[in-house]
Amino acid sequence: GQPGLAATRDMLRQRFREGGLECLEHEIDVAYPLAETLRLEADGEPLGVGIWPAQPNFIQPGVTPAGGVVGELMLVNEKNVRSATDFTSKIAVVDLAQPLFKELGLNPAQYCDLGFQAMIVTHAGGLDQIAWDQLQSLRLSIPLNYVRLVAEPVILAHAGRQVCLEVRSTYRNQRVHN
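Keep in mind that what you see is a predicted model, and the values were worked out from it rather than measured.

1. Section: the pattern of salt bridges
Alright, step 1. Taken as a whole and judged by the stated rule, the model has twelve salt bridges.
Alright, step 2. Between Glu25 and Arg17 there is a salt bridge; the shortest N-O distance is 4.0 Å.
Alright, step 3. A salt bridge links Glu103 to Arg82; the shortest N-O distance between them is 3.2 Å. A residue pair is termed long-range when its members are at least 10 positions apart, and Glu103 in the loop between strand 5 (90-95) and helix 3 (108-114) and Arg82 in helix 2 (residues 78-83) qualify at 21 residues.
Alright, step 4. Its relative accessible area of 41% is what places Glu103 among the partly exposed residues.
Alright, step 5. Among the charged side chains, a network of salt bridges with common partners joins Arg9, Asp10, Arg13, Arg17 and Glu25.

Written out as structure tokens, the structure is:
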């Protein structure tokens, strides 16, 4: 229910009926992926960064192991990637205000293959600067459990810090009016 949802529904119902159409309405349950746990901490304290899960891969929502994953927030750029020797203790932070690292792009499978424990996308100029259709690249057509998040730009101030990231998204039935 976004603001205006009921008003839009009522307006459409009225217009359809005015046009002589029969309106059939149903209450149905629809399964939606909802975040149950979103925790990002350093030294046991919340970082105070807004984070949101990306769309599920095929049907697989992103889930970390119980207790989360621990790793360094690594800003993905040419210098950092070329100088790193191991990515398994890292969580990728991609700033869409900067050119994407060519070999990785915005393909989560590439980050997963390198060993990054998770992938966080942001934009230094603010989330309203992200071309949301670009975030479709974060969604894979296979059920790969790989955590992909969108974060407020303040995440960039924490690059280089060791953090604990815990994410748990599950499908929940939500009653909708159709």
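Now that the structure has been shown, the text picks up again.
2. What about helix 1 (residues 5-18)?
Alright, step 1. The end-to-end C-alpha separation of helix 1 is 20 Å, in line with the 20 Å expected for 14 residues at 1.5 Å each.
Alright, step 2. Where helix 1 ends, the next residue or the one after it, Gly20, has phi of about 85°, a positive value.

3. Description of the packing of aromatic side chains
Alright, step 1. Within the structure shown, the criterion is met by two aromatic pairs.
Alright, step 2. Between Phe87 and Phe116, the ring centres sit 4.9 Å apart and the planes meet at 40°, which makes this aromatic pair tilted. In this pair, Phe87 sits in the loop between helix 2 and strand 5 while Phe116 sits in the loop between helix 3 and strand 6 (119-122), placing the two residues 29 residues apart along the sequence.
Alright, step 3. The buried category is assigned to Phe87, whose relative accessible area is 8%.
Alright, step 4. Classification of Phe116 as buried rests on a relative accessible area of 3%.
Alright, step 5. Pairing Tyr111 with Phe116 gives two aromatic rings, centres 5.7 Å apart and planes at 50°, and the pair type is tilted. Pair check on accessibility: Tyr111 and Phe116 agree, each one buried.
Alright, step 6. What links up through ring pairs into an aromatic cluster is the set Phe87, Tyr111 and Phe116.

Rules behind the numbers
- Residues numbered from 1 in each chain as written.
- Predicted model: local features only at pLDDT ≥ 70, side-chain atom pairs only at ≥ 80, totals over all residues.
- Heavy atoms only, no water.
- Salt bridge = Lys/Arg side-chain N within 4 Å of Asp/Glu carboxyl O.
- Helix = DSSP H or I, 4+ residues; strand = E, 2+ residues; numbered from the N terminus.
- Buried < 20%, exposed > 50% of the residue type's maximum accessible area, 1.4 Å probe, protein only.
- Expected span 1.5 Å × (residues − 1).
- Phe/Tyr/Trp six-rings, centres within 6.5 Å; stacked < 30°, edge-to-face > 60°.

Fair warning: the whole summary comes from geometry, so function is off the table for now.
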